[in-house]
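Structural features, examined
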Amino acid sequence: MKPFLTPLRDLLFGLGWFLCLLVWDTADSLHYLRRATGRIKTDETTISQLKGAVIEYLYGVSASYMLMGLMAGVMLHLVGRILHPNRLKFFAWFGRTTIIALLCTILGLARQIITFPTLHGWFKYRRQWAEFAEPYWVDSAWALLAILILVRGNQAWKASGLPGFRRIVAAAAVYALAVTALLQPLNAEESVDNDGMNVVLIGIDALRPDRLSHFGNERKTSPNIDALLDESLIFTQAFTQLSRTYPAWTTTMTGTWPTVHGIRDNLPTSDRLIPDVALLPQVLKDAGYATGFATDDSRFSYMIPETGFDMIRQPVVGLQNFAMSVNEPRFRAYHGLLHNRVGFSLLPVQAYNQSFGASYRPWQFVEWVVDGLAEMSKSKQFFYAMHSCVLHVPGDRIYPWYSMFGQDGYRGKNRFKYSSSGSSLMVSSVTNAKGKNAKRVAEQDLRIYDSGIRMADDLVGAVVEELKTSGLWDNTIVILFSDHGEELWDTDLPYKWWGPNHGFHMYGEGHTNVAFSIRFPDGKHAGEVIDDPIRLIDLAPTVVDLLGIEWPNTIDGKSVMPIVKNEEQDGPRMVYMETGLSEPRYWVPNHKRYPFKKVSKRYKLDPEADRVHIRSKFLPHLVAAKDRALQVGKWKLIWHSLKKGIRVDLYDRETDPLNRYDLAKQHPEKVEELGQLLLPFLAVDGIAPPPLNEWVERSEKPKKADKRLQKRLKRAGIGTEADAPEVEENDTGAAPEEMGSEKPTNHDAVGD
């Protein structure tokens, strides 16, 4: 055989082997893609655009597998030369090469099942293997295989009497080291100290403060966050205005109510990419600050340069992100070898993107964020905002987080990810769970949630450590907050449970109460805890107050510093909240519904900018169907948007934080008091309610038609001689109503 044919056949074998892996992974991935797109009712144009996004993704995947095949072919050739000084005949060569490739593939799969089990639904015993084995076991097997190859090769070369064994081993070592160096993930630059007063804003999506170990969670969910809170001023009663990421961030950046800035749900309309009012990064940029933003999820919330950020680090925005992440494809070989900067150049949508949760590596995003901090630190003074979404659905848990907090041994379908997203857009792992099973599924969801906090905690720890190491800690204000929380399962909820959720309804405080703390460079107020209510609209005015900068327009929020200094004169701050795009399972009877059932009637794609927007003609219907809440002190008033008539509920937040028991009839004066404060928000949206003194009476008829409400009130003795409600649980601890018993509907797709 001619000398050049030996390496050529090894290259062709490598390409052929990875072509087989591509076919296998594609066949498995098509199943998930059909599940995702099959749930979306839309028009032919949108279907065509979805298919185009999928095809473009598959082109990148194919190029990636070709590259991996070529790299493998070179390595197979070098290994073959180590094992056999003389060139083998075809069948002997083919048999040997197949065995080596098969062993390497098995070892690669064995390790990946441990580290990324959600990618391997095909393997019946993935749970058992993931819980039993450790990655270093497979690493040891790799090392043993390499030693055996070297020993066997040394024997063969000695027997042949030919020189060159050391040279070929050196060539293989150099090649292996070069490939390893090429495929290394990003290594962040070091930050440097500067002279200005900097601001670092750490946002953690869907973080409930009560699940932090600092606030009493027995699980050690947040060692780094706890350490930061020990040095910070803490606000326990901070509330979001809309429990969806994009409007919550817009509220935070503008200091205005959603009714003012106009972003009423995730994603903007095409004619209003940013609000008409000033945003915090714009104000700080005009004041001489460098500004930066980083996030690991851009499906429903993303930043554009017009928001005022000089540096924006976020996953690729566009339809491909939507189309491919709803049910993530299973291109396992890509994630095994090319989930790094080389692979990201071929598949940009995969880069630092937690919406691809089954393969997401949170430590890579942490490194990317820290590298962004290094870039910011080169400026005289900077404002750097970051947003981690690892707590968000789908909630895939990888090694080692899937073994935390007693998850090992759990056998349910939600072993490695949430049972459901709370929205019918996402395919649920568990539906129709009842009784003991409902409680068991919910407890696992909670373990997954808590382990996600531990994931996000690593980001906080890395940022704080970099600030301290660089010296920036002494001249940087660090604000930790969450855009919204998350509703978790509990007994006897006032809505039909479908999984962890936020922004669909106004019940409870799990999704509206948010984390909020400020760490001052001089150590002032460290460890102080304030229970007065504040809002996310108060964050921006607080920042400019601390920096001594004037805000250029009218603003609804107020700095929190008067509360800190005991200078607040007006009593508890009023908290206004509203829902985003919702679904019937969360609505009371006779609730307003959306006239557009198809997703394409709600969202549209801008092909030139490759961005998804809410359709302007759908927005008024979204606003009209919103539920709203007005909260002052311990009282909370909820306005339900009905097709006909009105319905308001009143809840005592101190005795009934889950909002199970309506007390409007018992306290009509509180309904009028809070209703008076709600009127301006209703007026902005064109809602003309009846006189305040008629609200309670007019609400009675719709409430009598609400069987779920009437059962709860009857069990609690509300309206009878009973003095106080008591939460009733059955002997299983499960809700009297089943978990997720309502069948999902294709037209209720929403974004989180």
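All figures in this text were calculated on a predicted structure; none of them were measured in a lab. (Residues numbered from 1 in each chain as written. Predicted model: local features only at pLDDT ≥ 70, side-chain atom pairs only at ≥ 80, totals over all residues. Heavy atoms only, no water.)

1. Some points on the overall build of the protein chain
Per the secondary structure count, the protein chain includes 21 helices and 17 strands. Against the globule reference of 27 Å for 752 residues, the protein chain gives a C-alpha radius of gyration of 28 Å, in line with a compact fold. By principal-axis analysis of the C-alpha atoms, the protein chain measures approximately 105 × 60 × 50 Å. When each of the 752 residues of the protein chain is scored for burial, the buried share is 60%. Restricting the contact set of the protein chain to residue pairs at least 6 apart, pairs at least 24 apart contribute 75%. Counting only carbon and sulfur atoms, one obtains 56% of the accessible surface of the protein chain, whose full area is about 30200 Å². Looking at charge distribution, the protein chain has the averaged site of its 87 positive side-chain charges lying 11 Å from that of its 88 negative ones. (Helix = DSSP H or I, 4+ residues; strand = E, 2+ residues; numbered from the N terminus. Rg over C-alpha atoms; globule rule 2.2 N^0.38 Å. Buried < 20%, exposed > 50% of the residue type's maximum accessible area, 1.4 Å probe, protein only. Contact = heavy atoms within 4.5 Å. Areas by Shrake-Rupley, 256 points an atom, 1.4 Å probe, with all protein chains shown as cover. Lys, Arg positive; Asp, Glu negative; His and termini not counted. Charge placed at Lys NZ, Arg CZ, Asp CG, Glu CD.)

2. So, a nonpolar patch on the surface
A grouping of Phe90, Phe91 and Phe94 is seen on the molecular surface, where their side chains present a nonpolar patch of about 370 Å² in accessible area. Mapped onto the elements of the fold, Phe90 is located in helix 3 (residues 90-115). Looking at Phe90, the relative accessible area reads 43%, which means it is partly exposed. (Patch = residues over 30% accessible without salt bridge, like charges linked within 9 Å, V, L, I, M, F, W, Y side chains within 5 Å. Salt bridge = Lys/Arg side-chain N within 4 Å of Asp/Glu carboxyl O.)

3. What to know about the nonpolar core
Membership of the largest hydrophobic core comes to 122 residues, with the highest contact counts inside it found for Tyr65 and Tyr384. Among the elements that make up this core, the one with the highest residue count is helix 2 (residues 44-83) (13 residues). Tyr65 has contacts with Phe18, Leu21, Leu22, Asp25, Phe331, Arg332, Ala333 and Tyr334, leaving out every residue within four places of it along the chain. (Core = buried A, V, L, I, M, F, W, Y, C linked by side-chain atoms within 4.5 Å.)

4. A short note on the pattern of salt bridges
Scanning the entire structure with this criterion turns up 39 salt bridges. A salt bridge links Asp450 to Arg211, with the shortest nitrogen-to-oxygen separation between them at 2.6 Å. Of the two residues, Asp450 is situated in helix 15 (residues 435-470) and Arg211 in the loop between strand 1 (198-204) and helix 7 (223-230); the sequence distance between them amounts to 239 residues. By relative accessible area, which is 16% here, Arg211 ends up buried. Across the salt bridge formed by Glu231 and Lys468, the nearest N and O atoms sit 3.8 Å from each other. One end of the pair, Glu231, is in the loop between helix 7 and strand 2 (233-235); the other, Lys468, is in helix 15, with 237 residues separating them in the sequence. By relative accessible area, Lys468 is classed as partly exposed at 40%. Bridged by salt links that share partners, the residues Arg535, Asp538, Lys558, Glu568, Asp570 and Arg573 form one connected network.

5. Here's the deal with the packing of helix 2 against helix 5 (residues 135-160)
The contact between helix 2 and helix 5 brings their axes to 7 Å, and the two run at 50°. In terms of orientation, helix 2 lies oblique with respect to helix 5. In contact with Val79, Arg81, Ile82 and Leu83 of helix 2, helix 5 contributes Ile149, Arg152, Gly153, Ala156 and Trp157. Of the residues belonging to the contact of helix 2 with helix 5, the class tally is six nonpolar, one polar and two charged. (Axes fitted to C-alpha atoms, helices over the stretch in contact; angles between N-to-C directions. Parallel < 35°, antiparallel > 145°, perpendicular 65-115°, else oblique. Nonpolar A, V, L, I, M, F, W, Y, C, P; charged D, E, K, R; others polar.)

6. Details of the sheet that holds strand 11 (residues 534-535)
Hydrogen bonds between backbone atoms are what pair the strands of a sheet, whose relative direction is either parallel or antiparallel. Spatial ordering of the open sheet is given by 8-3-11, a layout of three strands whose pairing is mixed. Each of the sheet's edge strands pairs with one partner strand only, and the pair in question is strand 8 (513-514) and strand 11. Across two bridges, the pairing between strand 3 (residues 238-239) and strand 11 is parallel. Residue Ala238 lies in a different strand from strand 11, and its bridge partner there is Ile534. (Pairing = 2+ DSSP bridges.)

7. A few points about the confidence of the model for the protein chain
Confidence along the protein chain averages 90 in pLDDT terms, with 91% of residues attaining 70 or more. Segment residues 424-431: pLDDT under 50, and 33 contacts once partners within four positions in sequence are set aside and those in other chains are kept. With pLDDT under 50 throughout, residues 720-751 is counted as low confidence; its partners more than four residues away or in other chains account for 90 contacts. (pLDDT = per-residue confidence, 0-100.)

8. Comments concerning the sheet that holds strand 5 (residues 311-313)
Pairing is mixed across the open sheet formed by eight strands, whose spatial order is 5-4-6-1-7-9-2-10. Each having just a single partner strand, strand 5 and strand 10 (529-530) make up the two edges of the open sheet. Here strand 4 (residues 290-295) pairs with strand 6 (residues 382-388) via six bridges, running parallel. Counted as the bridge partner of Phe293 is Ala385 from strand 6. Relative to strand 7 (residues 476-481), helix 7 is tilted by about 125°, and along the sheet it contacts strand 1, strand 2, strand 7 and strand 9 (516-519).

9. Considering the packing of aromatic side chains
Tallying each qualifying case throughout the model produces 42 aromatic pairs. When the ring of Phe293 is compared with that of Phe309, the centres are 5.4 Å apart and the planes differ by 40°; the resulting orientation is tilted. Taken together, the residues Phe293 in strand 4 and Phe309 in the loop between strand 4 and strand 5 connect sequence positions 16 residues apart. A single burial state applies to Phe293 and to Phe309, both of which are buried. (Phe/Tyr/Trp six-rings, centres within 6.5 Å; stacked < 30°, edge-to-face > 60°.)

10. Some words on the pairing of strand 17 (residues 647-652)
Taken across its six residues, strand 17 has six buried, putting it largely inside the fold. Judged by which residues are buried, strand 17 turns out to be covered on both faces: Arg647, Asp649 and Tyr651 on one side and Val648, Leu650 and Asp652 on the other are all buried. Relative to strand 17, strand 16 (residues 635-640) runs antiparallel, the two being bridged by six bridges. Of the residues in strand 17, the one forming a bridge with Leu637 is Leu650. Between strand 16 and strand 17, which follow one another and run antiparallel, lie six residues, and Gly645 among them has a positive phi close to 85°.

11. A few points about the environment of His335
For His335, the position within the fold is in helix 12 (residues 332-337). Distance from His335 to Leu391, taken between C-alpha atoms, is 21 Å for residues 56 residues apart in sequence.

12. Things to note about the side chain of Arg264
Structurally, Arg264 is set in the loop between helix 9 (258-261) and helix 10 (280-286). According to the relative accessible area criterion, Arg264 is buried, its value standing at 6%. Here the side chain of Arg264 touches Glu578 through a polar contact of 2.8 Å, side chain to side chain. (Polar contact = N/O pair within 3.5 Å; in protein donor to acceptor, adjacent residues only side chain to side chain.)

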